[in-house]
Amino acid sequence: MIAETIQLALAPVFVLVAIGNIMNLLSTRLGRVVDRARTMQERHRVTTGVEHDLVVREIRLLDRRIVLIGRAILLLVLSGLTIGLTVVILFLGDFLEWDLPQLTAASFILAIALLMGALLLFLLETRQASAALRIPEDFLELGRNI
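Residues numbered from 1 in each chain as written. Predicted model: local features only at pLDDT ≥ 70, side-chain atom pairs only at ≥ 80, totals over all residues. Heavy atoms only, no water.

A.B. asks: Could you clarify how one ought to interpret the packing of aromatic side chains in this entry?
C.D. replies: Aromatic rings considered in pairs are described by the distance between their centres and by the relative angle of their planes. Tallied over the entire structure, the rule returns one aromatic pair. Seen from their ring centres, F91 and F95 are 6.2 Å apart, and the 35 degrees between their planes marks the pair as tilted. Of this pair, F91 and F95 both sit in helix α2 (residues 49-95), four residues apart, which is roughly one turn of that helix. Relative accessible area serves as the criterion here: at 56%, F95 is assigned to the exposed category. (Phe/Tyr/Trp six-rings, centres within 6.5 Å; stacked < 30°, edge-to-face > 60°. Helix = DSSP H or I, 4+ residues; strand = E, 2+ residues; numbered from the N terminus. Buried < 20%, exposed > 50% of the residue type's maximum accessible area, 1.4 Å probe, protein only.)

A.B. asks: Even after reading the chapter, I still don't get the environment of S79, so can you show me in this structure?
C.D. replies: Structurally, S79 can be placed in helix α2. The exposure class assigned to S79 is buried, which follows from its relative accessible area of 0%. Linking S79 and I112, residues 33 residues apart in sequence, is a C-alpha distance of 6.9 Å. Sequence-distant contacts of S79, defined by excluding residues within four places in its chain, comprise I19, A111, L114 and L115. (Contact = heavy atoms within 4.5 Å.)

If you want it as C-alpha cells, here you go:
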C-alpha cells in the first residue's frame, strides 16, 4: 500500500518543483525591480520638471510591480504549503487507514487554484513591465526609411 501512496504523491511533488522554479524566477525579477527602484530613487533627488515627472511615473510603476510580484510569491508559498499538506494527507490516510480522498482532492485543488492565481499575477506584472518598456515613437522615427 505504501508503494501506491508514493506513486500518488509524485504528481503533487512535481507541482512543488514547478512552484519552486517559478518562485526562483519571480525572486530574480523582484531583485531586478528593486535595483531599478533604488536607481530611480537616486534620480528622484536630482531631477526637476518633466524629467522629474517621468522619474515619479516610473517609480510608481515599479512600486506596482513590486506589489504584484510580492503577492504572486505569497500565493506560490501558500500553494507549496498546500501541496505539502496534500502529501501529508495521502500518507496519514495510508498509515492510519483513514479514507480521505475528498480532503486530499480538496487540498490539491486549492493548491492548483493558488498556483493559478500566482500565474495570473505574474502575467499582470510582465504586462506592466512591457508597458513600461515601450519605446516612444519619437525615438523610432517611423517616418524615415532606413
